Amino acid sequence: MSKLRIGLLGAARIATPFIAGAKLSSRAEVVAVASRDPARAKAFADTHGVPHALTYEQLLAAKEIDAVYIALPNSLHAHWSMAAARAGKHVLCEKPLALSEAEAIEMFSAADAAGVVLLEGYPFLFQPQTLEIERLIQAGEIGRVQTIFATCGFTLSNPDDFRLDPTMGGGALLDVGCYPVSLIRQLAGARPTRVTATAQWHGGVDRTLAATLEFASGTIAQLSCSFASGLVRTAVIAGSEGIIETDYGNHTIRSAAPSFGLRRGSDWRRPTERIAVPREDGFRLEIDAFAAMIDGSDRDQQAARRAASIDIAWILETILARARVASS
Ligand SMILES: NC(=O)c1ccc[n+]([C@@H]2O[C@H](COP(=O)([O-])OP(=O)(O)OC[C@H]3O[C@@H](n4cnc5c(N)ncnc54)[C@H](OP(=O)(O)O)[C@@H]3O)[C@@H](O)[C@H]2O)c1
């Protein structure tokens, strides 16, 4: 089987670990990088051994490229995803896919019209760790899920980062809050029926935000995110018959001994088991899953990810709207 030939839109910071993940994949390879600045494209290509350095337009026109990886500021995801789809390229777009539910639906419609795959990049969702937690929950191993708490944050110190620009889709929720939102949506399997939120604002973007999501199943989830905290990415899933405590990193390969905690039963004196999970590069897993969707061998996953991405876009949009009202 020939390898999927991927072109990168944007000589972005995240493109470097993406290339490292692609090098571990037997199903795909990075063959080109595009930048607004030809010199930056050339320097990036030379540094990473990428064969071609192009402009965005040249990359979309190149017949030798099957798919694009979009690593652009959030406000540009929709425009370039749809331009790539119209050019006949499959699209792996960084999170968050879209700034609204309507934008996400338009992006999937463009992909459908062109007959290409569109996937939002959440490497952690393809990790064995996440899959095992989902399996345990679905098998009833922790009983009925009553609450989920998930948080994600770090200290953003570069004042010029697009993440602080409200016109570029900045803000903690869209940048890091989309991780707890995507984890909660994955475990709940639906969009919430009620959303409340509050935030602290800085320069027009949410710097720290917390939200509560209530689901028809009875599960209540709380999430928080921040650009002003220490590095954190953790979740606690509390069921009637057990508790899971976990991180949900994209790359367990970076962890000394990747694992999560499982305490069975409702008695706090029961020991917490450490469930070991394989070390994996999340980009390698994501790229392989993307390739399987393109060759048609994983249509169920493709449909599930599409439904989740549209729900995630709606949840992000709704949380921000509720937080704005709460602050007014
Ligand atoms: N999955 C993950 O683990 C992960 C981690 C970090 C970030 N991300 C996502 O990846 C995307 C990129 O993040 P990043 O941290 O890699 O960003 P970054 O280093 O700032 O790169 C963004 C790239 O976008 C291009 N660009 C095009 N128009 C731009 C404009 N008007 N302003 C600024 N840049 C522009 C630039 O490339 P050229 O100048 O070369 O065209 C720039 O290198 C975001 O959507 C982010 O949410 C994902």
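Computed from a predicted model, the values in this text were never measured in an experiment. (Residues numbered from 1 in each chain as written. Predicted model: local features only at pLDDT ≥ 70, side-chain atom pairs only at ≥ 80, totals over all residues. Heavy atoms only, no water.)

**Brief notes about the sheet that holds strand β8 (residues 194-202)**
Pairing between sheet strands relies on hydrogen bonds along the backbone, with the strands arranged either parallel or antiparallel. What the 8 strands build is an open sheet, ordered β8-β9-β10-β7-β11-β12-β13-β14; its pairing is mixed. Both edges of this open sheet fall to β8 and β14 (273-276), since each of them pairs with a single strand only. Strand-to-strand twist in this sheet, taken as the mean axis angle between neighbours without regard to direction, amounts to 15°. Where helix α9 (residues 299-327) meets the sheet, it contacts β8, β9 (205-214) and β10 (220-226), and its direction lies at approximately 65° from that of β8. (Pairing = 2+ DSSP bridges. Helix = DSSP H or I, 4+ residues; strand = E, 2+ residues; numbered from the N terminus. Axes fitted to C-alpha atoms, helices over the stretch in contact; angles between N-to-C directions. Contact = heavy atoms within 4.5 Å.)

**A short note on the domain arrangement of the chain**
Splitting the chain by domain gives domain 1 (4-120) and domain 2 (125-284 + 312-327). Here domain 1 and domain 2 have C-alpha centroids that lie 26 Å from each other. Listed as interface residues are 21 residues of domain 1 and, on the opposing side, 20 residues of domain 2. Taken over both partners, the interface formed by domain 1 and domain 2 buries close to 1700 Å², and the fraction arising from carbon and sulfur atoms is 63%. Among the residues domain 1 hides against domain 2, the three largest losses belong to N74, K95 and E101. Together they make up 29% of the total. Linking domain 1 with domain 2 are 3 salt bridges. Its salt-bridge partner being R191, residue E101 comes within 2.8 Å of it at the nearest N-O pair. One can count 6 residue pairs in polar contact (both at pLDDT 80 or more) joining domain 1 with domain 2. Only α1 (15-24), α5 (101-114) and β6 (118-121) provide two or more residues apiece to the side of domain 1 that touches domain 2. Sort the elements by how many residues they give to the side of domain 1 that touches domain 2 and α1 lands first, with 4 residues. (Domains from an automatic or database assignment. Buried area = accessible area lost by both parts, 1.4 Å probe. Salt bridge = Lys/Arg side-chain N within 4 Å of Asp/Glu carboxyl O. Polar contact = N/O pair within 3.5 Å; in protein donor to acceptor, adjacent residues only side chain to side chain.)

**Quick notes on the UniProt feature "domain: Gfo/Idh/MocA-like oxidoreductase N-terminal" (unreviewed entry) in the chain**
Taken from the UniProt record, the annotation "domain: Gfo/Idh/MocA-like oxidoreductase N-terminal" (unreviewed entry) applies to residues 4-122. Annotated as 43% helix and 24% strand, the span residues 4-122 places its first and last C-alpha atoms 19 Å apart. (UniProt positions renumbered as here; feature names shortened; annotations may be inferred.)

**So, α1**
Residues A15, F18, I19, G21 and A22 constitute the buried set of α1. With its buried residues spanning 160° around the axis, α1 presents them on a single face. Opposite the packed face of α1, turned more than 90 degrees from it, sit the exposed residues K23 and L24. (Buried < 20%, exposed > 50% of the residue type's maximum accessible area, 1.4 Å probe, protein only. Arc of directions from axis to C-beta.)

**A short note on the UniProt feature "domain: GFO/IDH/MocA-like oxidoreductase" (unreviewed entry) in the chain**
Within this numbering scheme, the UniProt entry marks residues 132-245 as carrying the feature "domain: GFO/IDH/MocA-like oxidoreductase" (unreviewed entry). With 21% helix and 46% strand, residues 132-245 has end C-alpha atoms that lie 13 Å from one another.

**Details of the site of the ligand**
Neighbouring the ligand are 23 residues; S35, R40, Y56, N74 and R163 lie closest to it. A distance of 3.0 Å separates an oxygen atom of the ligand from a polar atom in the backbone of I14. For the ligand, the accessible surface in isolation is 890 Å², of which the surrounding protein chains cover 83%. Taken together, the residues of the shell around the ligand break down into 11 nonpolar, 5 polar and 7 charged. (Near = heavy atom within 4 Å. Areas by Shrake-Rupley, 256 points an atom, 1.4 Å probe, with all protein chains shown as cover. Nonpolar A, V, L, I, M, F, W, Y, C, P; charged D, E, K, R; others polar.)

**A few points about the packing of aromatic side chains**
In total, this model carries 9 aromatic pairs according to the counting rule given. Seen in terms of ring centroids, F18 and F283 are 5.5 Å apart; in terms of plane orientation they differ by 70°. Their pairing is edge-to-face. Of this pair, F18 sits in helix α1 while F283 sits in helix α8 (residues 282-294), and the two are 265 residues apart along the sequence. On the accessibility criterion, F18 (0% relative accessible area) is buried. Where Y56 meets W80, the ring centres are 5.0 Å apart and the plane angle is 80°; that geometry is what we call edge-to-face. One end of the pair, Y56, is in helix α3 (residues 56-61); the other, W80, is in helix α4 (residues 77-86), with 24 residues separating them in the sequence. (Phe/Tyr/Trp six-rings, centres within 6.5 Å; stacked < 30°, edge-to-face > 60°.)

**Re the nonpolar core**
The biggest cluster of nonpolar side chains holds 48 residues, and the ones touching the most others in it are L173, L209, L213, L223, I237, I244 and I319. The element best represented in this core is helix α7 (residues 172-188), accounting for 10 residues. Formed by 32 residues, the second largest nonpolar core is a distinct cluster that contains A34, A78, C93 and I310. (Core = buried A, V, L, I, M, F, W, Y, C linked by side-chain atoms within 4.5 Å.)

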